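Chain by chain, the residues run as shown.
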Amino acid sequence: MLHKVIGAEVRGFIEREHEGKPARVVIASRLYPTGAEDLWEAVTSAERIPRWFTPVEGELRLGGRYQLKGNAGGSITRCEPPKAFDITWEFGGGMSWVTVRLAEEGKDTRLTLEHIMPKGVMEDHWKKYGPAAVGVGWELGFLGLGRHIESGGGIPPEADPAWMASDEAKAFMRTSAEGWAAAHVAAGEAPEVARGMAERTAAFYTGG
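A brief report on the enclosed structure follows. The structure displayed is predicted, hence computed values, not measured ones.

### Describing the pattern of salt bridges
Next up, step 1: For the coordinates displayed, the defined rule picks out 13 salt bridges.
Next up, step 2: Between Asp86 and Arg101 there is a salt bridge whose closest N-O contact spans 2.8 Å. Placement of Asp86 in strand 6 (residues 84-91) and of Arg101 in strand 7 (residues 94-105) is noted, with a sequence separation of 15 residues between them.
Next up, step 3: On the accessibility criterion, Asp86 (16% relative accessible area) is buried.
Next up, step 4: The class of Arg101 is partly exposed, set by a relative accessible area of 28%.

This is the structure we're talking about:
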């Protein structure tokens, strides 16, 4: 069904060190039917980002600071067009990190995103929701980006109340949460724990 294939194609979860400290890493990847230059512009241009994600302000360059409307802000710590950028993700008094990599595969381009979260921060939130909380949110972004690449226009999924209330949207978010539970289990989490986290995440996104 459509909702099973329009978010991330690959989901992963690992634990590793980041800047010398233990961290949890959510990894999402999807192949888009466009070249690296176009995909790079779509994910870095202040004019195009609001067509699939959230309006952004700031200096979108290496060393600059950005602010997503009603969401995170931070610094751009790496910028190598059209292949890679890294940012800090500062939200709610905490900081994590996001990396984006683009790699051409024939006529298409694969986007791989990692959201790196320090262990020991917001532990209650983690124990309740696990990787699905971050994963489902990014998959909504992947969905919006896919629609934008296909049409050139687009409205971010989360900015479309009618779609967010639809059965298709709820199925998409539940399927995404289940996928993140599977990735969590593959990384070594107990199935009942991972499923519980994913079920609570799905309920949060769908309203029950």
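### Digging into the sheet that holds strand 6
Next up, step 1: Taken together, eight strands build an open sheet; the order of strands is 1-2-8-7-6-5-4-3 and the sheet is antiparallel. Two strands in the sheet have a free side with no partner beyond their single neighbour: strand 1 (10-18) and strand 3 (56-58). For this sheet, the mean inter-axis angle between neighbouring strands, taken without regard to orientation, is 25 degrees.

### Describing helix 6 (residues 191-206)
Next up, step 1: With 16 residues, helix 6 should cover 22 Å at 1.5 Å per step; its first-to-last C-alpha distance of 22 Å lies within 8% of that length.
Next up, step 2: Inspection of helix 6 places Ala194, Gly196, Met197, Ala198, Thr201, Ala202, Tyr205 and Thr206 among the buried residues, and these make up the whole buried set.
Next up, step 3: Packing partners of the buried residues in helix 6 comprise helix 2 (123-129), helix 3 (132-151) and helix 5 (167-186).
Next up, step 4: Two residues or fewer past helix 6, Gly207 is found with a positive phi of approximately 85 degrees.

So, how was this worked out
- Residues numbered from 1 in each chain as written.
- Predicted model: local features only at pLDDT ≥ 70, side-chain atom pairs only at ≥ 80, totals over all residues.
- Heavy atoms only, no water.
- Salt bridge = Lys/Arg side-chain N within 4 Å of Asp/Glu carboxyl O.
- Helix = DSSP H or I, 4+ residues; strand = E, 2+ residues; numbered from the N terminus.
- Buried < 20%, exposed > 50% of the residue type's maximum accessible area, 1.4 Å probe, protein only.
- Pairing = 2+ DSSP bridges.
- Axes fitted to C-alpha atoms, helices over the stretch in contact; angles between N-to-C directions.
- Expected span 1.5 Å × (residues − 1).
- Contact = heavy atoms within 4.5 Å.

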